[in-house]
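Structural description and commentary
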Amino acid sequence: PFLAVASRPLARRVSVAAWFYPHSATRRAVSIWQHSGRGPKSIGLAAKGLLHHRNDVRGFKAADVVIAATATLADDLRRSGVNAVHSTPPAEVRAALGERPARASDDSPRRLLVCAGDLGHPRKNVVLAVDALDLLSRAGGAWELELIGRNAVAIRHRLERLAPSVSVIVRGPLPSNDVQLRMRAADLLLVP
């Protein structure tokens, strides 16, 4: 977990951000194995997940409070004896640093970028983003949906049902510099 430490004279407060649900070594290993192909590579990823879980447990025990991004995770952590609170990230749009390319015109498609390591992973909820975009597109205007990440084939059935005003570009995995450039060029970025 990411640790944020604030020091004061005679006092120290540590808060840890938690993101992985469920908070159980067994359930985490099984979940990773099920969602990563169920092959030899999956066994390695599940083992790595167990090491991350061990580090999470250490961090949670050392923390004064654990901040969970979902109420479900906060409840799960509290059942495990962890002092956890639910706090969603701020829901605001911040301007990207640096210059953004100007849109060709008001009639040019608005660009939505979705970036996830595994676009088909159920916890990433990419299908919900596609559903939301479908609703937006039906209100008018052209949209371009850009997908960065592996396993877009897992959501192909939903992509094929999008309104005709939405064009879909599947990039696959990209190097981080390319991802950052694509993020700056998008009108809207969805973080799963």
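Attention here is on the structure that accompanies the text.

What counts, and at which threshold
Residues numbered from 1 in each chain as written. Predicted model: local features only at pLDDT ≥ 70, side-chain atom pairs only at ≥ 80, totals over all residues. Heavy atoms only, no water. Helix = DSSP H or I, 4+ residues; strand = E, 2+ residues; numbered from the N terminus. Buried < 20%, exposed > 50% of the residue type's maximum accessible area, 1.4 Å probe, protein only. Contact = heavy atoms within 4.5 Å. Areas by Shrake-Rupley, 256 points an atom, 1.4 Å probe, with all protein chains shown as cover. Pairing = 2+ DSSP bridges. Right-handed = clockwise from strand over helix to strand, strands pointing away. Arc of directions from axis to C-beta. Salt bridge = Lys/Arg side-chain N within 4 Å of Asp/Glu carboxyl O. Core = buried A, V, L, I, M, F, W, Y, C linked by side-chain atoms within 4.5 Å. Polar contact = N/O pair within 3.5 Å; in protein donor to acceptor, adjacent residues only side chain to side chain. Axes fitted to C-alpha atoms, helices over the stretch in contact; angles between N-to-C directions. Parallel < 35°, antiparallel > 145°, perpendicular 65-115°, else oblique. Left-handed = near helix turned anticlockwise from the far one by under 90°. Nonpolar A, V, L, I, M, F, W, Y, C, P; charged D, E, K, R; others polar.

1. Section: the overall build of the chain
- Each helix and strand counted, the chain has six helices and eight strands in total.
- Reading the chain from its N terminus to its C terminus gives the helix and strand order β-β-α-α-β-α-β-β-α-β-α-β-α-β.
- Within the span of the chain, comprising 192 residues, buried residues form 31% of the whole.
- Considering only contacts in the chain between residues 6 or more positions apart, those separated by 24 or more positions represent 60%.
- When the accessible surface of the chain is split by element, carbon and sulfur atoms take 58% of a total near 12,200 Å².

2. Describing the pairing of strand E3 (residues 65-68)
- Only one face of E3 is buried: it carries Val 66 and Ala 68, and the other face, with Val 65 and Ile 67, is open.
- In terms of strand pairing, E3 meets strand E4 (residues 84-86) through three bridges, oriented parallel. In the sheet register, Ala 68 faces E4, and the bridge partner there is His 86.
- This β-α-β element, E3 to helix H3 (residues 71-79) to E4, shows right-handed connectivity.

3. Description of the pairing of strand E5 (residues 110-118)
- The pairing of E5 with strand E6 (residues 143-150) spans seven bridges and is classified as parallel. Considered in E6, the bridge of Val 114 is made with Leu 147.
- As for the winding sense of the linkage, the β-α-β connection from E5 through helix H4 (residues 126-138) to E6 is right-handed.

4. Some words on helix H1 (residues 25-34)
- For H1, every residue scored as buried is listed here: Arg 28, Ala 29, Ser 31 and Ile 32. With its buried residues spanning 165° around the axis, H1 presents them on a single face.

5. Remarks on the pattern of salt bridges
- The tally for this structure, following the rule as stated, stands at twelve salt bridges.
- With its nearest N and O atoms 2.6 Å apart, the salt bridge here joins Arg 171 to Glu 146. Taken together, the positions of Arg 171 in strand E7 (residues 166-172) and Glu 146 in strand E6 put the pair 25 residues apart, joining distant regions of the chain.
- Classification of Glu 146 by relative accessible area gives buried; the value is 2%.
- With a closest N to O distance of 3.5 Å, Arg 156 and Glu 160 form a salt bridge.

6. Describing the nonpolar core
- Of all hydrophobic cores here, the largest spans 16 residues; its most connected members are Val 114, Leu 119, Val 126, Leu 145, Leu 147 and Leu 159.
- Among the elements of the structure, E5, H4 and E6 are those that each provide at least two residues to this core.
- Core analysis: the second largest hydrophobic core is formed by nine residues, Phe 60, Ala 63, Leu 73 and Ala 74 among them.

7. Quick look at the side chain of His 23
- Structurally, His 23 can be placed in the loop between strand E2 (11-18) and H1.
- Classification of His 23 as buried rests on a relative accessible area of 10%.

8. Quick notes on the side chain of Asp 134
- Along the chain, Asp 134 turns up in helix H4.
- Under the relative-accessibility criterion, Asp 134 is labelled buried at 7%.
- In this structure the side chain of Asp 134 is engaged in a polar contact, spanning 3.0 Å, whose partner is the side chain of Arg 158.
- Contacts of Asp 134, omitting those with residues within four sequence positions, involve Arg 158, Arg 161, Leu 162 and Ala 163.

9. Observations concerning the packing of H1 against helix H2 (residues 40-62)
- The geometry of H1 relative to H2 is characterised by a closest axis approach of 8 Å and an angle of 150° between their N-to-C directions. With respect to each other, H1 and H2 are oriented roughly antiparallel. The crossing of H1 and H2 is right-handed. Contacts between H1 and H2 involve Ala 25, Arg 28, Ala 29, Ile 32 and Trp 33 from the former and Ser 42, Ile 43, Leu 45, Ala 46, Gly 49, Leu 50, His 52, His 53 and Asp 56 from the latter.
- Here the contact of H1 with H2 is built from residues that sort into eight nonpolar, four polar and two charged.

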